[in-house]
Amino acid sequence: MKEKKSKDRILILGASGFIGNAIYKELYAYYDTYGTYCFNQKDFEDNGQFFYYNVEETDIYELLEIVKPDYIISAIRGNFAAQILAHQHIIEYVTTHKVKLLFLSSANVFDAYSKYPSYELDKTLSLSIYGRLKIKIENMLLRLPKNKAIIIRLPMVFGNNTPRIKEIKTLLQNKEPVEVFPNLVFNVTYVDKLTQQLHYIINHKKTGIFHLGSEDLVHHEDFIKEIVSKIGLYNPVYKRVFTSNDDRYLAVLPKSNKLPKHLQITYQDTIDHHLFS
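Named according to an unreviewed UniProt entry, the protein chain is dTDP-4-dehydrorhamnose reductase originating from Cellulophaga geojensis KL-A. Taken directly from UniProt, the Pathway (unreviewed entry) text for the protein chain runs: "Carbohydrate biosynthesis; dTDP-L-rhamnose biosynthesis." Database annotation for the protein chain, UniProt heading Function (unreviewed entry): "Catalyzes the reduction of dTDP-6-deoxy-L-lyxo-4-hexulose to yield dTDP-L-rhamnose."

Next comes the structure, spelled out in structure tokens:
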């Protein structure tokens, strides 16, 4: 018997991007789900569930008034200043309407801390422009009432058609070197598991900060070499890039907001999940 569709209305900002589109495909059968696109117009303009949205040009408030979502999932990319302004407007809307905001953040909010992995309640600090952008938007969400904000911090996301895997495949086919970072210790996830985790968080009305990475860590070089061996019979050339003399951590580990066992993963799950054939 088909599960009854929830009345909750979800708007995914950035639903034409890789992760945003995977989230849309996971949720649309269960919720009244809408998305925005900026590129690939031919793929989306005939889909009545999709709206054109350019973070630098479109008034987000107008779109929110049309859709009237119960959940807003922010997976937008683009100009950093425009992203900040858009999120300011989204948060104004969230403050005055009965709606939750789920923001896809990044392990990079901790990239200034290189000596250890990071947990949900650790203080954020970043040396990168990207990490500082995510922190700025996170801080806006943290000023919302606790029952309205969901912050999802992601490690590197893999999967068969992810940009990272496509890039590795292209390098292998062109016999070009694949960059590895021998001293980087990190955790990972894969896109199918990520969308299931988000589905669970929405379905169970969870709020707060979630670290959706594998529960264990791996060296970047070892992980990439295993992935390359999964992709096929190549004689890869590796370019080893050392950014420090010691191990450097960039990992978001779950501790205070753990999901059920069936939604937890190891880095080996990401490799073993049949994504690289």
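Draft legend 1. Expanded view of the pairing of strand 2 (residues 32-37). Burial within strand 2 is extensive, with 5 of its 6 residues counted as buried. The sheet contact formed by strand 1 (residues 9-13) and strand 2 spans 4 bridges and is parallel. Along strand 2, the bridge assignment pairs Ile12 with Gly35. Once the chain exits strand 1 it traverses helix 1 (residues 18-27) before rejoining the sheet at strand 2, and the crossover so formed is right-handed. Where strand 2 and strand 3 (residues 50-52) come together, 3 bridges link them in parallel fashion. Directly across from Gly35, in strand 3, lies its bridge partner Phe50.

Draft legend 2. Molecular detail of the packing of aromatic side chains. Applying the stated criterion across every chain yields a total of 8 aromatic pairs. Where Tyr24 meets Tyr28, the ring centres are 5.4 Å apart and the plane angle is 10°; that geometry is what we call stacked. Among the aromatic residues, ring-to-ring pairing joins Tyr24, Tyr28 and Phe50 into one connected group. Its guanidinium or amino end placed over the ring of Tyr238, Lys225 lies 5.2 Å from that ring's centre, counting from NZ or CZ.

Draft legend 3. Representation of the nonpolar core within the structure. Core analysis: the biggest nonpolar cluster contains 30 residues, and Ile152 and Leu212 have the highest contact counts within it. Within the residue set of this core, elements represented by two or more residues are strand 1, helix 1, strand 4 (71-74), strand 5 (100-106), strand 6 (149-154) and helix 7 (191-203). It is helix 7 that contributes the most residues to this core, 6 residues altogether. Residues in contact with Leu212, not counting those within four places in the same chain, are Ile152, Arg153, Leu154, Pro155, Thr189, Leu194, Gln197, Leu198, Ile201 and Leu259. Counting residues in hydrophobic clusters, the runner-up holds 29 residues, among them Val67, Ile76, Val94 and Ile151.

Draft legend 4. How the structure looks around the side chain of Ser214. With respect to the helices and strands, Ser214 occurs in the loop between strand 11 (208-211) and strand 12 (218-219). There is a polar contact of 3.0 Å between the side chain of Ser214 and the backbone oxygen of Asp216. Ser214 has contacts with Asn187, Val188, Leu253, Ile265, Thr266 and Tyr267, leaving out every residue within four places of it along the chain.

Draft legend 5. Region of interest: the pairing of strand 6. For strand 6, a buried count of 6 out of 6 residues is recorded, marking the element as mostly surrounded by other parts of the structure. Where burial is concerned, the two faces of strand 6 agree: the one with Ala149, Ile151 and Arg153 and the one with Ile150, Ile152 and Leu154 are both buried. The sheet contact formed by strand 5 and strand 6 spans 6 bridges and is parallel. From the neighbouring strand, Leu102 faces strand 6, where its bridge partner is Ile150. What joins strand 5 to strand 6 is helix 5 (residues 129-142), and the crossover it makes is right-handed. Bridging between strand 6 and strand 11 involves 4 bridges; their strand directions are parallel. The partner of Arg153 across the bridge, within strand 11, is His211.

Draft legend 6. Up close: the layout of surface pockets. Taken as a whole, the largest pocket holds about 820 Å³ of empty space. Taken together, 34 residues make up the lining of the largest pocket; nearest its centre are Ile19, Tyr130, Pro155, Val157 and Arg164. Where the lining of the largest pocket is concerned, the elements lending two or more residues are helix 1, helix 4 (80-96), strand 5, helix 5, strand 7 (156-158), helix 6 (163-173), strand 9 (184-186) and strand 14 (248-250). Here the element with the most residues in the lining of the largest pocket is strand 5; it accounts for 4 residues. Of the residues in the lining of the largest pocket, the class split is 19 nonpolar, 11 polar and 4 charged. By volume, the second largest pocket is sized at about 300 Å³.

Draft legend 7. Here's a closer look at the sheet that holds strand 9. In space, the 3 strands of this open sheet follow the order 12-9-14, with mixed pairing throughout. Edge positions in the sheet fall to strand 12 and strand 14, since each has one partner strand and no second. In terms of strand pairing, strand 9 meets strand 14 through 3 bridges, oriented parallel. Considered in strand 14, the bridge of Phe186 is made with Leu250.

What counts and what doesn't
One numbering rule holds for all chains: residues counted from 1, following each sequence as written. With the structure being a predicted model, the display of local features is reserved for residues of pLDDT at least 70 and the display and counting of side-chain atom pairs for 80 or more, all residues being used for whole-chain, interface and lining totals. With hydrogens and water set aside, each side-chain value is computed from the structure's full complement of heavy atoms. UniProt positions are given in the numbering used here, feature names are shortened, and annotations may be inferred rather than shown by experiment. Each residue is assigned to one of three classes by its accessible area relative to the maximum for its type, calculated with a 1.4 Å probe on protein chains only: buried under 20%, partly exposed between the two thresholds, exposed over 50%. Strands are runs of DSSP state E lasting at least two residues, helices are runs of H or I lasting at least four, and both sets are numbered from the N terminus onward. Any two strands with at least two DSSP bridges between them are considered paired. Seen with its strands pointing away from the viewer, a crossover is right-handed if its path from the first strand over the helix to the second goes clockwise. Here is the rule: rings of Phe, Tyr and Trp (six-membered ring for Trp) pair when centre to centre is within 6.5 Å. Planes less than 30 degrees apart are stacked, more than 60 are edge-to-face, and the remainder are tilted. Our definition puts a charge over a ring when NZ of Lys or CZ of Arg is within 6 Å of the ring centre and also within 35 degrees of the ring normal. We define a nonpolar core as any set of buried Ala, Val, Leu, Ile, Met, Phe, Trp, Tyr and Cys residues linked to one another through side-chain atoms lying within 4.5 Å. Note on contacts: a residue pair qualifies if any of its non-hydrogen atoms lie within 4.5 Å across the two residues. A 3.5 Å cut-off defines polar contacts: any pair of N or O atoms within that distance qualifies, except that in protein one atom must be a possible hydrogen donor and the other a possible acceptor, and neighbouring residues in sequence count only when both atoms are side-chain atoms. The distinction between a cavity and a pocket rests on a 1 Å grid over the protein atoms alone: a 1.4 Å probe fits inside a cavity but cannot get out, while a pocket stays open yet meets protein on both sides within 12 Å along at least five of seven lines, and a residue with an atom within 4 Å of a point counts as lining. Grid points are joined across faces, edges and corners, and a volume is the space filled by probe spheres set on the points. The classification used treats Ala, Val, Leu, Ile, Met, Phe, Trp, Tyr, Cys and Pro as nonpolar, Asp, Glu, Lys and Arg as charged, and all other residues, Gly among them, as polar.

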